[in-house]
Protein chains: 2
Amino acid sequence: MDAPNGSQDTEQTLDSQVKAFFDSAPPLQNRNDIIQKLNHFIQLNSLSSENGIGKRIVCVTSGGTTAPLEQRCVRYVDNFSSGHRGATSTEYFLKAGYAVIFLYRRGSFQPFCRSLPDDPLLECFEATEGLNIQVREAYSKAVKTAIVDHHAAVDSGLLLKLPFSTIFEYLQMLQIISKPMKDIGPRAMFYLAAAVSDFYVPWKDMVEHKIQSGSHILDVKLVPVPKMLSVLRKDWAPLAFCISFKLETDSNILLNKARGALEKYSMHAVVANELSTRKEQVVVVTIDDKITVQRDKSKADDDVENPLIKLLSQRHSAYIEDSNRMR
Amino acid sequence: MDAPNGSQDTEQTLDSQVKAFFDSAPPLQNRNDIIQKLNHFIQLNSLSSENGIGKRIVCVTSGGTTAPLEQRCVRYVDNFSSGHRGATSTEYFLKAGYAVIFLYRRGSFQPFCRSLPDDPLLECFEATEGLNIQVREAYSKAVKTAIVDHHAAVDSGLLLKLPFSTIFEYLQMLQIISKPMKDIGPRAMFYLAAAVSDFYVPWKDMVEHKIQSGSHILDVKLVPVPKMLSVLRKDWAPLAFCISFKLETDSNILLNKARGALEKYSMHAVVANELSTRKEQVVVVTIDDKITVQRDKSKADDDVENPLIKLLSQRHSAYIEDSNRMR
């Protein structure tokens, strides 16, 4: 196991920041319903396997989180992310034999749906002369994939979809997911592709009613969101295989930032991506490796997530074997 | 005509704020394409009418605007609005014989689609045993309405849809739309249901790259968005019939705020709505009236927009007659 990083003082500060965050968060709606679905999903997939040791389960997080500025939320700060990486990776994880918990931002890309236009119902369908509905020829393949493959994954119990909007919902749900994931030990993976807010306004500091406009300047003060990656690794699910992401627009600082995150949060790998080239290549940074992964450009429809998930799946298998040997 | 409100000083300040806003805005993409579509739409509908004087044309704005915090936009402040009011009103304006320019936030509700679930493609369709696609029984009516009625409105040239995301895009597009609308005089209506940001960060004050996280507090200073309603009424389209909206969570201040907006921006009517009851009733505030409009509760599928658009359409007709008499 990786050693926890930082002094005892830092840990105490982090613990109190984490406590303050969760104490300040509004209660999660449907909490019991989510727990029930999760337990059922993990139980089902822990048992079902050809070799009798249960499937590997990955929690893929996807899309951006919002930080509300008012309790009756009209205004919020949003961290934009389409969710393309998370949705695509989910498809390849399913292909690689994983069961996937897809923790996604409402309205972000869904697995098997990324070839669809923005407003698929209105764009992909048309009315016939007899006023029946039919798929437009140009979209017939994309629509079929979306509906057939997506429903097959959900219906067969291999894909559990859980939506969030705010940073409060996201972190509360991640904590809830980590509980049953902890029980399956090293077979659990966290693939943290969501763009999580770095800053938030504590719930108690927010005004209740809508902020009134006027001729003044609006001064919004946001405090840092506690570094939950550390807590996930140290307390929530210490045996799970953890992958985080680093996205920068400035390639000069990217690899150093990724290396820094790897060490600071004791991740097993950090996927470094630069905004402008992120669909072509990424660099997987581990403690003793820096592996550039590229999509196969000779195939028009290959994705960088194809070799990326293959690599991570291999690393995860090796990690499970190592963990089993050490028991 | 209503008299412009405020002293010469205030006007000069507003003019300089408006100039600063547009000078600071990033150039609108597809500007020429939008202008071409608009001119074609307004020309078509100005000519086509049974009585030879052309249709009435309304610009319905809908959904919330975003204020970016970074030039390469990852983070932004969002003003939440589902766009339900704008989408529903568009359906009733079409029924009342208007041609509609629907200026909407990407991803917000679309006309004829409000009975659909969040993710209609995945929710409303299923695969048959032969792997064909069919509409789920429970959604067959909603899907048919969405596709048949929506496409009929667009294909017959009565509905022009123009999407925006940022406050910069929204206000630039509103200005562009007002140009050909000015030419049709009092037959033009602006129905401003969008939830427009009150504050923004001027483009030149933004950092280019992603704001780095850390242990510090993020202090975001936003300046007021200039009151474009005044400019729309005074300069952009002085003869158009103008409706704005006032939404408050606090019912005690609502009617005074609505009355204030009516006078300050010389609107022809302000629709006052309270967050918790806005789908049941609204109050239409005019210079000499305060009319409560309620949906017909004896009909399960009646909307408050039904009597609201009937009332506004009558007022608009009276306004056109008055304007014609005064010529």
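Look a little higher up for the structure.
Residues numbered from 1 in each chain as written. Chains lettered and ligands numbered in written order. Predicted model: local features only at pLDDT ≥ 70, side-chain atom pairs only at ≥ 80, totals over all residues. Heavy atoms only, no water.

A.B. asks: Can you walk me through the overall build of chain A in this structure?
C.D. replies: Each helix and strand counted, chain A has nine helices and 14 strands in total. In terms of C-alpha radius of gyration, chain A reaches 21 Å, essentially the compact-globule figure of 20 Å for 327 residues. The principal-axis extent of the C-alpha atoms belonging to chain A is close to 70 × 65 × 45 Å. When each of the 327 residues of chain A is scored for burial, the buried share is 51%. Working note: accessible area of chain A is about 15,300 Å², and carbon and sulfur atoms make up 49% of it. (Helix = DSSP H or I, 4+ residues; strand = E, 2+ residues; numbered from the N terminus. Rg over C-alpha atoms; globule rule 2.2 N^0.38 Å. Buried < 20%, exposed > 50% of the residue type's maximum accessible area, 1.4 Å probe, protein only. Areas by Shrake-Rupley, 256 points an atom, 1.4 Å probe, with all protein chains shown as cover.)

A.B. asks: It is not clear to me how the sheet that holds strand β3 (residues 75-79) of chain B should be interpreted in this structure. Could you clarify?
C.D. replies: Strands belonging to one sheet form pairs held by backbone hydrogen bonds; the direction of such a pair is parallel or antiparallel. Read across the sheet, four strands follow the order β2(A)-β3(A)-β3(B)-β2(B) without closing on themselves; strand pairing throughout is antiparallel. Edge positions in the open sheet fall to β2 (66-68) of chain A together with β2 (66-68) of chain B, since each of these has one partner strand only. Between one strand axis and the next, the sheet turns through 25 degrees on average, direction left out of account. Pairing between β2(B) and β3(B): three bridges, direction antiparallel. Residue B:A67 lies in a different strand from β3(B), and its bridge partner there is B:V77. (Pairing = 2+ DSSP bridges. Axes fitted to C-alpha atoms, helices over the stretch in contact; angles between N-to-C directions.)

A.B. asks: I keep staring at the relation of the copies chain A and chain B and nothing clicks. Help me out?
C.D. replies: In this structure, two copies of a chain are linked by a rotation about an axis accompanied by a shift along it. For the match of chain A to chain B, the screw axis carries a shift of 0.0 Å, the RMSD comes to 0.0 Å, and the turn is 180 degrees. Taken together, the turn and the small shift mark the pair as related by a two-fold rotation axis. Relative to the rotation axis, the C-alpha of A:V77 is the closest in chain A, positioned 2.1 Å from it. (Least-squares fit on C-alpha atoms with pLDDT ≥ 70 in both.)

A.B. asks: Would you take a moment to explain the interface of chain A and chain B for this structure?
C.D. replies: Often, the extent of an interface is quoted as the loss of accessible area upon association of its parts. Across the contact, 58 residues belong to chain A and 58 residues belong to chain B. With both sides pooled, the region where chain A packs onto chain B buries about 5,200 Å², and carbon together with sulfur makes up 62% of that total. If you sort the residues of chain A by the area they bury against chain B, A:L121, A:L122 and A:F199 come out on top, with a joint share of 13%. Scanning the region where chain A abuts chain B turns up four salt bridges. Across the salt bridge formed by B:K221 and A:D219, the nearest N and O atoms sit 3.9 Å from each other. Between chain A and chain B we count 15 residue pairs in polar contact (both at pLDDT 80 or more) in total. Going through the elements one at a time, β3 (75-79), α4 (120-124), β5 (125-127), α5 (140-155), β10 (218-224), β11 (241-248) and α8 (251-264) of chain A are the ones with two or more residues in the side of chain A that touches chain B. (Contact = heavy atoms within 4.5 Å. Buried area = accessible area lost by both parts, 1.4 Å probe. Salt bridge = Lys/Arg side-chain N within 4 Å of Asp/Glu carboxyl O. Polar contact = N/O pair within 3.5 Å; in protein donor to acceptor, adjacent residues only side chain to side chain.)

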